[in-house]
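Observations on chain architecture
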Amino acid sequence: MIPLDRYPKEITLRDDTHAVLRPMIPGDADGVWRFLRQLPEIDKAHFREDVDQREVVDRWAKSLDYDAALPILAMQGDGVVGSATLYRNRTGWKQRVGIVRILIAPDFRHKGLGTAMIREIRYLGEKAALNYLLAEVIEEQQAAVRALERMGFEKAFVHRKFVNDRTGRLHNLVVLLHPMSGLEEDTFF
Amino acid sequence: MRESGTASSGKKVECPYKGGAFMGLRAGHDLLYFGRWRRMDATAIDVRKAHHQMKRLLGEIAISLETEDIPPARKDLEKALEALYTAESGEGGPDALRYLDHALSYAHRVIGDLLHEKGLPPHSPADFAGWYDAGEVPFREDW
């Protein structure tokens, strides 16, 4: 279990405004739903359910399991302006690989919030003793790719015409990996 | 680390990090970032000076990290030290300058982690450019 006593954590963005980072709780359903609704479609393409449906978000909020999915929200006042989720498997061959998904509200881009959230995920990934963080980004989202690379993620491969958005259009998917300290210490063989 | 100086315009300016957290680290990073060693006409002396500055900066970063619990930053400091060693030892060959640049990038990330842990704004060398009379700012974080 990742220790969460560092939250709530206040951060300062590039424009000197502030945000507070903290794990999502059941009471955040409304705020998260409003946040997701304002995102461009391409940002929501990876969700397996229609997150514009309120009941989907309500269900998530009621069944939070931080060991499986730890969503860290960025709050300004009562509004959600960003989220960074670390997905993990309890068992199986990928239990040391954490999948990272980061979403930033359109009005809060280019302020360093995405980079700040990547920093948080890197910290949490180390505390979870993961070997890798894995991020999947549609190739057109170049700002996100660059931010991840600046924070130590490396492009592992690009799947051509691999994922589709809600209109059915195909996009290239960039997979980036961030090796963690646990990789050097692990000796299974 | 001097806290004030005179710009080429003749105007007296102060280090933008004066009185702020990690002033030495931030100014130390930017001195290297805008350093002569990165220019096309850099001399062997410029590069040697950069090596010394980098060693000092990484030493100061290590001291700052002693009281902080930031595992990714410790890992990045290790990578910075490895890159600096590769640059100094000659193992990097003609890419020695690139390894020195890598070391600086890792150092920048560690400084960013330190600032982030304190809830402070991210480090932007552009803030330093005017004081240092730098010609241009090579990069801008945009996410």
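These figures come from a predicted structure and were not determined experimentally.

What about the overall build of chain A?
In terms of helices and strands, chain A carries five helices and eight strands. Ordered by position in the sequence, the α and β elements of chain A form the string β-β-α-α-β-β-β-α-β-α-β-β-α. Against the 2.2 N^0.38 benchmark of 16 Å for 189 residues, chain A shows a C-alpha radius of gyration of 16 Å, consistent with a compact globule. With respect to the principal axes defined by its C-alpha atoms, chain A has extents near 50 × 40 × 35 Å. Counting over 189 residues, chain A shows a buried share of 31%. A sequence separation of at least 24 residues applies to 61% of the contacts in chain A between residues at least 6 apart.

Looking at the confidence of the model for chain B
Detailed reading of the predicted coordinates is not advisable wherever pLDDT is low. Residue and element names in this part refer to chain B. Of all residues in chain B, 78% have pLDDT values of 70 or greater, and the mean over the chain is 84. Taking the mean pLDDT of every element in chain B, the minimum, 58, falls on strand 1 (residues 4-6) and the maximum, 96, on helix 2 (residues 44-65). Low pLDDT, under 50, characterises residues 137-143; the predicted model gives this stretch 16 contacts beyond four residues in sequence or across chains. The ipTM assigned to the predicted complex is 0.89, against a pTM of 0.89.

Quick notes on the interface of chain A and chain B
Counting residues at the interface gives 24 residues for chain A, matched by 15 residues for chain B. For the side of chain A that touches chain B, the elements supplying multiple residues, two or more each, are strand 1 (9-12), helix 3 (113-127) and helix 4 (142-150) of chain A. When residues of the side of chain A that touches chain B are assigned to their parent elements, the largest contribution, seven residues, is made by helix 3 of chain A. Looking at side-chain class alone, the side of chain A that touches chain B contains eight nonpolar, seven polar and nine charged residues.

Notes on the pairing of strand 6 (residues 132-138) of chain A
Residue and element names in this part refer to chain A. What you see with strand 6 is a clean split: Leu133, Ala135 and Val137 sit on the buried side and Tyr132, Leu134, Glu136 and Ile138 on the side with no burial. Where strand 5 (residues 97-104) meets strand 6, four bridges bridge the pair, whose relative direction is parallel. Residue pairing in the sheet places Val100 in a bridge with Ala135 of strand 6. Relative to strand 8 (residues 170-179), strand 6 runs antiparallel, the two being bridged by seven bridges. For Leu134, the partnering residue across the bridge sits in strand 8 and is Leu177.

A short note on helix 1 (residues 29-37) of chain A
Residues and elements named next belong to chain A. By the burial criterion, the buried members of helix 1 are Trp33, Phe35 and Leu36. Looking straight down helix 1, one finds its buried side chains confined to an arc of 160 degrees; they lie on one side. Turning to helix 1, the residues buried within the fold contact helix 2 (54-62) and strand 4 (79-87).

Re the sheet that holds strand 3 (residues 69-76) of chain A
Residues and elements named next belong to chain A. Pairing in this open sheet of eight strands is mixed, and the strands run 1-2-3-4-5-6-8-7 from one edge to the other. In this open sheet, the two strands that pair with only one neighbour each are strand 1 and strand 7 (154-164). Going from strand to strand, the sheet's axes swing by 25 degrees on average, the running direction of each strand aside. Contacting strand 6 and strand 8, helix 4 runs over the sheet at an angle of about 160 degrees to strand 6.

Parameters and conventions
Residues numbered from 1 in each chain as written. Chains lettered and ligands numbered in written order. Predicted model: local features only at pLDDT ≥ 70, side-chain atom pairs only at ≥ 80, totals over all residues. Helix = DSSP H or I, 4+ residues; strand = E, 2+ residues; numbered from the N terminus. Rg over C-alpha atoms; globule rule 2.2 N^0.38 Å. Buried ≥ 20, exposed ≤ 12 C-beta atoms within 10 Å, placed from the backbone. Contact = placed C-beta atoms within 7 Å. pLDDT = per-residue confidence, 0-100. Nonpolar A, V, L, I, M, F, W, Y, C, P; charged D, E, K, R; others polar. Pairing = 2+ DSSP bridges. Arc of directions from axis to C-beta. Axes fitted to C-alpha atoms, helices over the stretch in contact; angles between N-to-C directions.

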